[in-house]
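Here are the chains, one letter per residue:
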There are 2 protein chains.
Amino acid sequence: MENDIAAKKLAELGHITRLLIFRYLVKVGDQGAPVGQIQDELDVPGSTLSHHISRLVSVGLIKQVRDSRILYCIPQFDVLDELVEFLKSECCTEAKCKQ
Amino acid sequence: MENDIAAKKLAELGHITRLLIFRYLVKVGDQGAPVGQIQDELDVPGSTLSHHISRLVSVGLIKQVRDSRILYCIPQFDVLDELVEFLKSECCTEAKCKQ
DNA sequence: GATATATTTCGATAATTCTAAAAATATAGT
DNA sequence: ACTATATTTTTAGAATTATCGAAATATATC
């Protein structure tokens, strides 16, 4: 993963509302949750919520699947894993390290 | 770790220059690197670099230790580990999960 | 005390992001 | 076609953050 792409993902997680959205989805798991359910959970105006969700989608941390009128938001665990792996990668490649 | 504190740490990592600073220090390892060495590595004006480093320090991802005129920046691996752990915690506590 | 090196603070401008009301779109049922 | 529900897009003002030159501070050496 390139640095700028990782930075974007981290920046999206680095906002309290988006972090709460993402962590709620992490808790819910693979089946995901409808936008409306996230709205009930977090008590954020719809337009604000939609803005933040679309940012999370834009970096791939969430995927959306529509079931008629309901839009399910599904956390992408593999994208999160890759990001976490990136942060720890190349540790101490330029020195000896206790890790 | 509370959500807002985690969000702050993620936001600091979510900037290309700060991510490059932090990852350089991760590569260097526990002995850290002087501000000047980071500056040579990244080619950023001193005032800009200082600003970004102090933000990383403010959330605990970096610690600084002075040796006479030289200020060493040392990555705090435990803070990173805690953050990563937080992101993955409570996974699927509200549902069955493949993970 | 003068000079050199290392790093930060100040200050000003530019750029980006946040928030949420209002309007628009999409889908389904009557 | 009309109504209801679910969600997004548009828009605009407020707030925050980014950048970097210049000046300031800290420490060491001569």
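Everything discussed here concerns the structure shown above.
Residues numbered from 1 in each chain as written. Chains lettered and ligands numbered in written order. Predicted model: local features only at pLDDT ≥ 70, side-chain atom pairs only at ≥ 80, totals over all residues.

Draft legend 1. Just the interface of chain B and chain A, in detail. Counting residues at the interface gives 32 residues for chain B, matched by 32 residues for chain A. When residues of the side of chain B that touches chain A are traced back to their parent elements, those giving at least two are α1 (3–13), α2 (16–28) and α5 (77–88) of chain B. By residue number, the principal contributor to the side of chain B that touches chain A is α1 of chain B, which donates seven residues. Taken together, the residues of the side of chain B that touches chain A sort by class into 18 nonpolar, seven polar and seven charged. (Contact = placed C-beta atoms within 7 Å. Helix = DSSP H or I, 4+ residues; strand = E, 2+ residues; numbered from the N terminus. Nonpolar A, V, L, I, M, F, W, Y, C, P; charged D, E, K, R; others polar.)

Draft legend 2. Inspection of the packing of helix α2 (residues 16–28) of chain A against α1 of chain B at higher detail. Direction vectors running N to C along α2 of chain A and α1 of chain B enclose 110 degrees, while the axes themselves pass 9 Å from each other. It follows that α2 of chain A is roughly perpendicular to α1 of chain B by the angle criterion. When you trace α2 of chain A past α1 of chain B, the crossing you get is right-handed. Along its contact with α2 of chain A, which presents I16, L19 and L20 of chain A, the element α1 of chain B presents N3, D4, A6, A7 and L10 of chain B. Classifying every residue of the contact of α2 of chain A with α1 of chain B by side-chain character gives six nonpolar, one polar and one charged. (Axes fitted to C-alpha atoms, helices over the stretch in contact; angles between N-to-C directions. Parallel < 35°, antiparallel > 145°, perpendicular 65-115°, else oblique. Left-handed = near helix turned anticlockwise from the far one by under 90°.)

Draft legend 3. Spotlight on unusual backbone geometry. Backbone geometry places D43 of chain A, a non-glycine residue, at a positive phi of 55 degrees. Examined against the element boundaries, D43 of chain A turns out to sit in the loop between α3 (35–42) and α4 (46–58). Residue classification places D43 of chain A among the exposed residues on the basis of 7 C-beta atoms within 10 Å. Even without being a glycine, E90 of chain B presents a positive backbone phi close to 60 degrees. Positionally, E90 of chain B belongs in the segment after α5. (Buried ≥ 20, exposed ≤ 12 C-beta atoms within 10 Å, placed from the backbone.)

Draft legend 4. Broad picture of the protein's contact with DNA strand C. Residues in close proximity to DNA strand C total 21 residues, the closest being S47 and S68 of chain A together with G36, S47 and S50 of chain B. Every element with two or more residues in the surface near DNA strand C is listed here: α4 of chain A together with α3 (35–42), α4 (46–58) and β3 (70–75) of chain B. Broken down by element, the surface near DNA strand C gets its largest block of residues, six residues, from α4 of chain B. Here the surface near DNA strand C is composed, by residue class, of seven nonpolar, twelve polar and two charged. (Near = placed C-beta within 6 Å.)

Draft legend 5. Summary view of the relation of the copies chain B and chain A. Each copy superposes on the other: chain B lies on chain A with an RMSD of 0.0 Å after a rotation of 180 degrees and an axial shift of 0.0 Å. Both copies of the chain, as the preceding transformation shows, are related through a two-fold rotation axis. When the interface residues of chain B are mapped onto chain A, 100% of them again fall at the interface, so both copies present the same face. (Least-squares fit on C-alpha atoms with pLDDT ≥ 70 in both.)

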